[in-house]
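Inside the fold
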Amino acid sequence: MITKVLNVTKSYGSGSARTEALRGVSLDINAGDYIAIVGPSGSGKTTLLSIIGCLIHPTEGEVYFDKRRVSDISDIELSILRGREIGFVFQFTDLLSNLTVLENVLVPILFHDGMLDEKKKYAVQLLEKLGLGYCINARVQALSGGERQRVAIARSLINRPRLLLADEPTGDLDDETSRRIIALFAAVNASGTTIVFVTHNKNFARAATNVYEMGDGRIQRILK
Ligand SMILES: Nc1ncnc2c1ncn2[C@@H]1O[C@H](COP(=O)(O)OP(=O)(O)O)[C@@H](O)[C@H]1O
Ligand SMILES: [Mg+2]
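Conventions and cut-offs
- Residues numbered from 1 in each chain as written.
- Chains lettered and ligands numbered in written order.
- Predicted model: local features only at pLDDT ≥ 70, side-chain atom pairs only at ≥ 80, totals over all residues.
- Helix = DSSP H or I, 4+ residues; strand = E, 2+ residues; numbered from the N terminus.
- Buried ≥ 20, exposed ≤ 12 C-beta atoms within 10 Å, placed from the backbone.
- Pairing = 2+ DSSP bridges.
- Axes fitted to C-alpha atoms, helices over the stretch in contact; angles between N-to-C directions.
- Near = placed C-beta within 6 Å.
- Nonpolar A, V, L, I, M, F, W, Y, C, P; charged D, E, K, R; others polar.
- Expected span 1.5 Å × (residues − 1).
- Arc of directions from axis to C-beta.
- Contact = placed C-beta atoms within 7 Å.

Below, the discussion takes up the overall build of the chain. When you go through the chain residue by residue, the secondary structure sums to 7 helices and 10 strands. Across its three principal directions, the C-alpha atoms of the chain cover 50 × 40 × 35 Å. Across the 224 residues in the chain, those meeting the buried criterion constitute 37%.

This is the structure in structure tokens:
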């Protein structure tokens, strides 16, 4: 098991502005899993992904990463753990707009020892699979939103993370680009990366091994 989410609730704000984003969610994520999460806007998908990624802490309940209680791990250690083990593709991901596409993809290797040449080769491979081979040396500031999103996907994979968390990675992309991303995720999962992603794309959800639906801060497994 990589991650265990146990009876987690999450509320934001207080008093009359209080929102219950998660109302008791449990989820086991095992090594090799390929999990899709679907559900309407506001149902708690991004909040759950952020909790799985140890970016925010739950209000109640526990999260375990590698059998360790995340609430017992210091912030410093958590940020190292995230950098080493987890790849993130979140909406509104920040890229460094003054750097080139290739440089952005290589930023996470700052957390890793490793061969720069090998990483560069892998970065180019990822970018080509995502249909960005033509703009590897372009500055990110010249790119469209959809292109930036794909740079963020390549960046999330450069360290071959054990766990990849992706929040609507095919949102607002055309069909061909979505298909490329779906194919890349399948290949990355087959080579050992555990994936949890949020999607509105039915084909993408169908590609996953397990599909969960969220509604009003709760989660249930959908049998395919
Ligand atoms: N940082 C935040 N502050 C206050 N409310 C939030 C915050 N993030 C999410 N929410 C609220 O929590 C609920 C769940 O949001 P979210 O997890 O983003 O759902 P989804 O990703 O399914 O759209 C929504 O009602 C949303 O408005
Ligand atoms: Mg969301």
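Let us now look at the sheet that holds strand β8 (residues 194–198). In spatial order, the strands read β6-β7-β8-β3-β9-β10; together these 6 strands make up an open sheet with mixed pairing. Only two strands of the sheet have a single partner each, and these edge strands are β6 (86–89) and β10 (218–222). Averaged over all adjacent pairs, the angle separating strand axes in this sheet is 20°, with direction ignored. Bridge analysis of strand β7 (residues 163–167) against β8 gives 5 bridges, and the strand direction is parallel. Bridged to Leu-165 within β8 is Val-196.

With that out of the way, let us pick up the site of ligand 1. Around ligand 1, the structure places Tyr-12, Gly-13, Thr-19, Ala-21, Gly-39, Ser-41, Gly-42, Ser-43, Gly-44, Lys-45, Thr-46 and Thr-47. Elements with a contribution of two residues or more to the shell around ligand 1: β2 (19–29) and α1 (45–52). Sorting elements by how many residues they give to the shell around ligand 1 places α1 first, with 3 residues. Grouping the constituent residues of the shell around ligand 1 by class yields 2 nonpolar, 9 polar and 1 charged.

Next up on the list: the pairing of β10. As defined by bridge partners, strand β9 (residues 210–215) adjoins β10 across 5 bridges and the pair is classed as antiparallel. Within β10, the position partnered with Met-214 by the bridge is Ile-219. The loop that links β9 with its antiparallel partner β10 comprises 2 residues; one of these, Asp-216, has a positive phi angle of about 50°.

Once that is clear, we can look at helix α6 (residues 175–190). Over its 16 residues, α6 extends 22 Å from the first C-alpha to the last, a length consistent with the 22 Å expected when each residue adds 1.5 Å. Turning to α6, its buried residues number three or more, namely Ile-181, Ile-182, Phe-185 and Val-188. Buried residues along α6 cover an arc of 130° about the axis, so they all sit on one side. Exposed residues on α6 whose side chains face more than 90 degrees from its buried face are Asp-175, Glu-176, Ala-187 and Ala-190. Where α6 is buried, its residues meet α5 (145–157), β7, β8 and α7 (202–207).

In this structure, strand β1 (residues 3–12) lies alongside β2, joined through 8 bridges in antiparallel fashion. Opposite Thr-3, over in β2, you have Ile-29 as the bridge partner. Between β1 and β2, which pair antiparallel in sequence order, lie 6 residues; one of them, Gly-13, sits at a positive phi of approximately 70°. Where β1 meets strand β4 (residues 60–65), 5 bridges bridge the pair, whose relative direction is antiparallel. Bridge assignment links Lys-4 to a residue of β4, and that residue is Tyr-64.

This next bit is on the sheet that holds β1. As summarised here, the arrangement of the 4 strands in space is β2-β1-β4-β5, forming an open sheet in which the pairing is antiparallel. A single partner strand is all that each edge strand has here, and the edge strands are β2 and β5 (68–69). Against the sheet, α1 engages β1, β2 and β4, with an angle of about 130° to β1.

The subject of this paragraph is the environment of Asp-66. Looking at where Asp-66 falls in the secondary structure, it is placed in the loop between β4 and β5. Given 12 C-beta atoms within a 10 Å radius, Asp-66 is considered exposed. A sequence separation of 62 residues divides Asp-66 from Lys-4, and the C-alpha atoms of the two residues are 8.4 Å apart.

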